[in-house]
Amino acid sequence: GGSTGAVRRSRARTPAPFRTPLPVPSVLKPSRTQGGVDYYDIVQKPAQVEILPGTKTEIWGYNGQFPGPTLATRSGRPIVVRHTNELEVPVAVHLHGGRTPPEHDGFPTDLILPGSGWEGHDTHGGDLSRGSREYHYPLEQPAATLWYHDHRMDFTGPQVYYGLAGFHLVHDEAEDNLPLPKGERDIPLMICDRSFTADGAFDYPAVDPSLKGEHGVTEDFMEGVLGDVILVNGAPWPVLEVDAARYRFRLLNASNARRYRLALDPGPQSGSAFVQVGSDVGLLGRPIGHDEIQMAPAERFDVVVDFSKFPVGTRIDMVNKLDDGDTGKVMQFHVVRKASDNSRVPTKLVDFEPLSRSSATVTRKFDFNQRSDDGWDINGKAYDPERDDAVPELGATEIWRFDGDAHHPIHLHLAHFQVLSRNQNDPGPYDSGWKDTIDLESGKEMEIIARFTGYRGRYVFHCHNLEHEDMGMMANFRVR
Ligand code: C2O
Ligand code: CU
C-alpha cells in the first residue's frame, strides 16, 4: 500500500532531452603507493554544480563530484581509501559488490562523524571515527563493475540521493586478454532519477538528514522516492556521440527506487541490441543477447552495443519501457562517424562455475513484507544492528529463499550468489552470472545460492530500495 511518492510540486524548468553531452566521471589517481598498496584520498563535501541548464544544484559529492570519481583497480592488489568527511552529517562508505573485511565494509553504524559539530544521538553505538577514516580493500575478487555509496543507518536514501555514489571498476588479466571494446569505448553509465525544486535544488521529499531525526524518510514514501528527471552520469537525458563501432557500457541503476527496462529505438536491423558480457560481480561464461535490459536498483549489466549496425547520422534513443513521458527516456546515442574497430565479443568469456543445489549445506527463508504503514520488515522484524539474523559458516554454500509483498531488490554484502529459481521455474533472462543484488517480485518466491567466502564477521543484507532499507528492511548475517 501507500502512495507512489510521485508528489508534484513546482519544479525547475528541465532541458529538452538529448541535448546535454554525456559526462564521464574522471578516474581517481592514487595519492601514493607504498609496499604494493595504492592509497587514495577522497573528501566528501558539498558542491554547487550545474545539472539543469542555468541553475545550480547543491550536491554532496565524493571530492565534490556527482557521480564520484571512478576507482580503477586491479584484482588482488590491495588499496586503502581515506575518506574525509566535510559534510555536516555522519557518513559510512560501502563498496557494493566488494569482498571486504567487516570493519571496512561500511556497516551502517560504523560512521565517520563530521570533523566537528555533530551532536546527534542517532549513531546507534557503532564504531565511530571523527573527521576521517581509512577503508582497506583487499580486492581478492575477479574483474567486475562495483560501485561505492553511502550507507548511514536510517539515512542511506537521502545521502545517496544528494550524490554520494561512484563507480569502482576492478580489472584483471582475464578481462585484459578479451577482445572487448576498451579505452574510450568502455564507458560506465550511472542511471538514476531525481526531482528538483523550482530553484534547482534536489528535492528529496522526506526528512532532511541534518535534522538528526530517527529516519530519513516518512510514511508518505512507502514505495520509495521516485524522481521525474533521468540523469546519466549526473546529466539530464544526455547524448553521446559514438563511432560506428562496438562500445562496452557498464550499466548501473543507482536510483533509490526506480526500475528500468532499457531498449534502443530504433533497434539494430539484425541481432540483439545489447550483448551482455557481465553481471553484478563478474564476467559471464558466455555472452547473452538481449533486446531489452531490465534493471532493479543497484544491479549492474555489462553490455556491448554495436553501432556499426546503424548508418552514420542515426540518432538512437535509449528508452525505459517501464514508463512513458520523461521517465521513459534515458539518453541518446548519435552515430557520428565511420571508424575502425578491432574489438569483438568472443563466444567464451571466462571460466564460470555454476553452483549446484547439492553443494549447499543450509537453506534459509526470508520474507520481505510491509510491517505497517511506517515500515518494512524481514521475517517480521525491523532492522537491529546488534542482532544476528543468520550465522553462516566461513566458506559455506547456502540456499536462501526469498518471498515478498512487493518488488524488493535484495542485496547481500560480501557474499556473491547465483540464482537457482524464480517462482518455481528456471531463473529469468536477467539472472545470469555472479550477482550481489536481485529483484524479488511480489508473490514469486525465488532461490539464490550464495557463497560466504572471504572474512568472518557481521555484514548486512537488505532491500536496495533505499527508502525500504531506511525504514527497516535490513538484517545482519554473521560469518563465523
Ligand atoms: Cu549498495 Cu548495502 O548496499
Ligand atoms: Cu523493498
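Residues numbered from 1 in each chain as written. Chains lettered and ligands numbered in written order. Predicted model: local features only at pLDDT ≥ 70, side-chain atom pairs only at ≥ 80, totals over all residues. Heavy atoms only, no water.

This paragraph deals with the domain arrangement of the protein chain. Segmenting the protein chain into domains produces domain 1 (32-176), domain 2 (183-338) and domain 3 (357-479). Computed over C-alpha atoms only, the centres of domain 1 and domain 2 are separated by 22 Å. On the side of domain 2, 39 residues touch domain 1, which itself brings 38 residues to the contact. Together domain 1 and domain 2 conceal approximately 3300 Å² of surface at their shared face, both sides included; 68% is due to carbon and sulfur atoms. Among the residues domain 1 hides against domain 2, the three largest losses belong to Thr145, Tyr161 and Phe167. Together they make up 23% of the total. (Domains from an automatic or database assignment. Contact = heavy atoms within 4.5 Å. Buried area = accessible area lost by both parts, 1.4 Å probe.)

This part is about the sheet that holds strand β4 (residues 71-74). What the four strands build is an open sheet, ordered β4-β11-β10-β6; its pairing is mixed. Of all the strands in the sheet, the pair left with one neighbour each is β4 and β6 (93-96). Between one strand axis and the next, the sheet turns through 25° on average, direction left out of account. In terms of strand pairing, β6 meets strand β10 (residues 144-150) through four bridges, oriented antiparallel. Bridge pairing links Leu95 to Tyr148 in β10. (Pairing = 2+ DSSP bridges. Helix = DSSP H or I, 4+ residues; strand = E, 2+ residues; numbered from the N terminus. Axes fitted to C-alpha atoms, helices over the stretch in contact; angles between N-to-C directions.)

Let us now look at the confidence of the model for the protein chain. The predicted model of the protein chain averages 94 in pLDDT, with 94% of residues at 70 or higher. Here residues 1-8 scores under 50 on pLDDT; set against residues more than four positions off or in separate chains, the count is 16 contacts. (pLDDT = per-residue confidence, 0-100.)

On to unusual backbone geometry, then. For the bond running from Phe66 to Pro67, omega is -5°, close enough to zero to count as cis. A cis amide bond links Asp265 with the next residue in sequence, Pro266, at an omega value of 0°. The residue Pro266 is located in the loop between β17 (260-265) and β18 (274-279) in this model. Its identity as a non-glycine residue notwithstanding, Ala298 has a phi of 80°, on the positive side. Mapping Ala298 onto the fold places it in the loop between β20 (293-295) and β21 (300-306). Backbone geometry places Leu414, a non-glycine residue, at a positive phi of 65°. Structurally, the position occupied by Leu414 is in the loop between β27 (408-412) and β28 (416-422). A residue is classified by how much of its surface remains accessible, and Leu414, at 2% relative accessible area, is buried. (Buried < 20%, exposed > 50% of the residue type's maximum accessible area, 1.4 Å probe, protein only.)

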